[in-house]
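Listed below are the residues making up each chain.
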Amino acid sequence: MRLRGRLLMKTRLAIFSDIHANLPATQAVRAHIESAGYDAVYCLGDLGGYASQPNEVQDEVMAMGCPTILGNYDEGVGFEKENCGCHYVKPFDIEMSNVSFLWTREHTAPERKAWLRELPREIRLVVNGLRVLLCHGSPRETTEYLFENRSDGYLRQFTSGGKADAQADVIVFGHTHVPFHREVDGVHFINTGSVGRPKDGDARAGYCALTLDAESVTSEQIRVDYDVELACSRLVEAGLPEYFAEYLRTGGQVASK
Ligand SMILES: [Fe+2]
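A brief look at the structure comes next. (Residues numbered from 1 in each chain as written. Predicted model: local features only at pLDDT ≥ 70, side-chain atom pairs only at ≥ 80, totals over all residues. Heavy atoms only, no water.)

## Side note on the packing of aromatic side chains
Considering all chains together, one arrives at nine aromatic pairs under this definition. Geometrically, the ring pair formed by Y243 and F244 is tilted, given 6.1 Å between the ring centres and 55° between the ring planes. Take Y243 and F244: they sit in the same class, and that class is buried. Ring pairs connect the aromatic residues Y50, Y73, F92, F101, Y243, F244 and Y247, which therefore count as one cluster. Positioned above the aromatic ring of Y50 is the side chain of R197, whose terminal nitrogen or guanidinium carbon lies 3.7 Å from the ring centre. (Phe/Tyr/Trp six-rings, centres within 6.5 Å; stacked < 30°, edge-to-face > 60°. Buried < 20%, exposed > 50% of the residue type's maximum accessible area, 1.4 Å probe, protein only. Lys NZ or Arg CZ within 6 Å of the ring centre and 35° of its normal.)

## Some words on helix α8 (residues 242-249)
Taken together, the buried positions of α8 are Y243, F244, A245, Y247 and L248. Contacts from the buried residues of α8 go to α4 (91-107) and α7 (228-237). Where α8 ends, the next residue or the one after it, G251, has phi of about 60°, a positive value. (Helix = DSSP H or I, 4+ residues; strand = E, 2+ residues; numbered from the N terminus. Contact = heavy atoms within 4.5 Å.)

## Topic: the layout of surface pockets
Here the largest pocket is characterised by a volume of approximately 440 Å³. Contributing to the lining of the largest pocket are 21 residues, with Y88, D93, F147, K199 and Y247 lying nearest its centre. Broken down by secondary-structure element, the contributors of at least two residues to the lining of the largest pocket are α4 and α8. Taken together, the residues of the lining of the largest pocket break down into 11 nonpolar, five polar and five charged. (1 Å grid on protein atoms, 1.4 Å probe; cavity = no way out; pocket = protein on both sides within 12 Å on 5 of 7 lines; lining within 4 Å. Points joined across faces, edges and corners; volume = space filled by probe spheres on them. Nonpolar A, V, L, I, M, F, W, Y, C, P; charged D, E, K, R; others polar.)

## Quick look at the environment of A21
Counting through the fold element by element, A21 comes out in the loop between β1 (11-16) and α1 (23-36). In the structure, A21 is positioned 109 residues away from L130 in sequence and 33 Å away in space, judged by C-alpha atoms. Leaving out residues up to four positions away in the same chain, A21 has contacts with L47, G48, G49, A51, S52, Q53, P54 and V57.

## Description of the sheet that holds strand β6 (residues 180-184)
The pairing of strands in a sheet comes from backbone hydrogen bonds and takes either a parallel or an antiparallel form. Overall, mixed pairing links the five strands, which are arranged β3-β4-β5-β7-β6 in an open sheet. The strands lining the two open edges of the sheet, one partner per strand, are β3 (123-127) and β6. Neighbour-to-neighbour, the strand axes of this sheet turn through a mean angle of 20°, independent of strand direction. The pairing of strand β5 (residues 170-173) with strand β7 (residues 187-191) spans four bridges and is classified as parallel. (Pairing = 2+ DSSP bridges. Axes fitted to C-alpha atoms, helices over the stretch in contact; angles between N-to-C directions.)

## So, the environment of E229
Note that E229 resides in helix α7. Through-space distance from the C-alpha of E229 to that of S256 is 20 Å; in sequence the pair is 27 residues apart. At a separation of 2.7 Å, a polar atom in the side chain of E229 contacts the side chain of R249. (Polar contact = N/O pair within 3.5 Å; in protein donor to acceptor, adjacent residues only side chain to side chain.)

## Quick notes on the nonpolar core
Proteins that are soluble and globular tend to have nonpolar side chains buried together. Judged by nonpolar contacts, the single largest core of 49 residues is most densely connected at F16, I33, Y207 and Y226. Sequence-distant contacts of Y207, that is, excluding residues within four places in its chain, are made with A14, I15, F16, V29, H32, I33, Y38, T192, E220, Q221, I222 and V224. (Core = buried A, V, L, I, M, F, W, Y, C linked by side-chain atoms within 4.5 Å.)

## Topic: empty space enclosed by the protein
This structure, assessed with the given rule, holds two cavities of 30 Å³ or more. Counted by class, the lining of the largest cavity contains five nonpolar, four polar and four charged residues. One number sums up the size of the second largest cavity: a volume of about 50 Å³. Together, L47, G48, P54, Q58, D74, V77, T104, T108 and L116 line the second largest cavity. Those elements giving two or more residues to the lining of the second largest cavity turn out to be α2 (54-64) and α3 (72-78). Tallied by class, the residues present in the lining of the second largest cavity amount to four nonpolar, four polar and one charged.

Dropping the structure here:
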């Protein structure tokens, strides 16, 4: 693998996740990543859902040529399940989730579903002696939310000797759409944030720039401006709820009903 030739150097990875059918955001992030010139690029899944261009987003990710992981949305759409595996509680949120999922399942082309079905659930790398695990939700489950406010004890499950020991020094994931970087018992837990549906109040597209060398693990949440209104108008014209447009405009801060 290309990384192995750089084992004693700083290695810079671009890792992005949760694109959610937002093509303008994807194109902006792709341009940023390609101009920045990383050593390698990875996608942690959830290509479809909530916005109107799941097929075009998949084309964009495939054109980037980056290894890609199966997200919960990809699993639901690819295998034509009944839902996305999201754990919503309020009736309104459940209704919106169903609208999004059924629309995406109907509008994702068969050959693209076949591509989704082939995606791996995790990728493991060794970079500069560090064991790196890339996954969508958590090391044990695509649908598990590793929120930024999980206790150290909760995250300790995935560290050495924990009941779900991930056997990794660096664990990178998405799924919650809120970026963070924490260290528990020497293991780095890094959430990449979301390209196409951020929930941290910042409407810009987000991805993680991860720098690894023998002595340090550093991450930076990169935010990229894109034409939010273009994504909004496209999803509304496609018949998806205005609520999804307001969600994009507010970085996920719109009140659910
Ligand atoms: Fe997601």
